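Here's the letter readout for the chains.
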Amino acid sequence: MARSAASNRGILLSVAYDGRPFAGFARQRDQRTVAGELLGALRAIDPNIREIRGASRTDAGVHARDQRVAFDTAAPLPPRGWVLATARHLPDEIVIRRAAVVRVGFSPRFESLRKRYRYLILRDLVRDPFLSRRAWRVEGITDDAIERARAEALAAKGTHDFAAFRTSADERTSTVRTLYGVELSLDPADPRVVRIDVEGNAFLHNMVRILVGTLMDVARGHLAPGAIARALSSRDRRDAGITAPPDGLYLEHIHLRDEGQDPWPAGPSDGSSADDAAPGHIDPPAEGAPRLEDAAPQEGAAPEE
């Protein structure tokens, strides 16, 4: 029985990728991108898929464990079919970890409640080939330095104007964002690795990387303590620290209003327990309340990281 070419449902994906070989998530002419590879794999299953809609426009070299992507289709595959059928068409650096059914036109970017990023710092005198371009190696990060960074991070929590923590390419008029948590911890499996977890309602271009760079500058004594507070007050990029490289940045999870129906595999898209509490949790905005990202158009908007 022939199926109609008209899309009759949407599919929501959770996508993980190693960002090292790609020029970012968003499609670019003559560049290898995550979205380009993903769209090609999906069109191998349904050539009528016109576009994919990502939740976050990650920069070149930035990784993701739970990027959210939606598309419309008339293909009768169940979510399990999309996960398994596309695997043979994707490069090793990209994998679809979960699929669910959503409405036609569903855009995860406009359904986002909050996002969580993780940045990895390698404190080692020599490089580690297994963490090459997966963590930023920084010398001089002692336990005392970590404590200085942890104290500095307190100033970033809450609702602030983060104009000083974005690149000049980001021209969005609203620069007020809310950070629910900025937490530093050691990886229990490898104490050389410092984890910086940042969760917020939305982010500016390179906001997490500039925040991490500022924390490391304070930790190493390159900036006096209070740098984050000074930059928030002045709104001047020169008062913040360096921009950390993309190597250690991971898009960990995006919390959506609607996670879809009939997911496969079942459970949260990031693999955590459904009732895991977010660090420094603040209740998301009420249903129907405007979100900061709504003010920026999808096309031509600056990437987040």
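All figures in this text were calculated on a predicted structure; none of them were measured in a lab.

## Topic: helix H1 (residues 34-45)
Then, number 1: Between its terminal C-alpha atoms H1 stretches 17 Å, which fits the 16 Å expected from twelve residues at 1.5 Å a residue.
Then, number 2: In this fold, the buried residues of H1 make contact with strand S1 (9-17), strand S3 (63-73), helix H2 (79-87) and strand S4 (94-102).

## Concerning the confidence of the model for the protein
Then, number 1: Across the protein, pLDDT averages 89, with 87% of residues at or above 70.
Then, number 2: Residue range residues 274-300 is modelled with pLDDT below 50. Its contacts to residues more than four positions away, or to other chains, number 44 contacts.

## Quick word on the pattern of salt bridges
Then, number 1: Tallying each qualifying case throughout the model produces 27 salt bridges.
Then, number 2: A salt bridge links Arg 192 to Asp 124, with the shortest nitrogen-to-oxygen separation between them at 2.8 Å. Residue Arg 192 is located in strand S9 (residues 190-200), and its partner Asp 124 is located in the loop between strand S5 (112-122) and strand S6 (136-137); the two are separated by 68 residues in the primary sequence.
Then, number 3: For Arg 137, the salt bridge goes to Glu 139, with nearest N and O atoms at 3.3 Å.
Then, number 4: The class for Arg 137 is partly exposed, based on a relative accessible area of 33%.

Criteria and thresholds
- Residues numbered from 1 in each chain as written.
- Predicted model: local features only at pLDDT ≥ 70, side-chain atom pairs only at ≥ 80, totals over all residues.
- Heavy atoms only, no water.
- Helix = DSSP H or I, 4+ residues; strand = E, 2+ residues; numbered from the N terminus.
- Expected span 1.5 Å × (residues − 1).
- Contact = heavy atoms within 4.5 Å.
- pLDDT = per-residue confidence, 0-100.
- Salt bridge = Lys/Arg side-chain N within 4 Å of Asp/Glu carboxyl O.
- Buried < 20%, exposed > 50% of the residue type's maximum accessible area, 1.4 Å probe, protein only.

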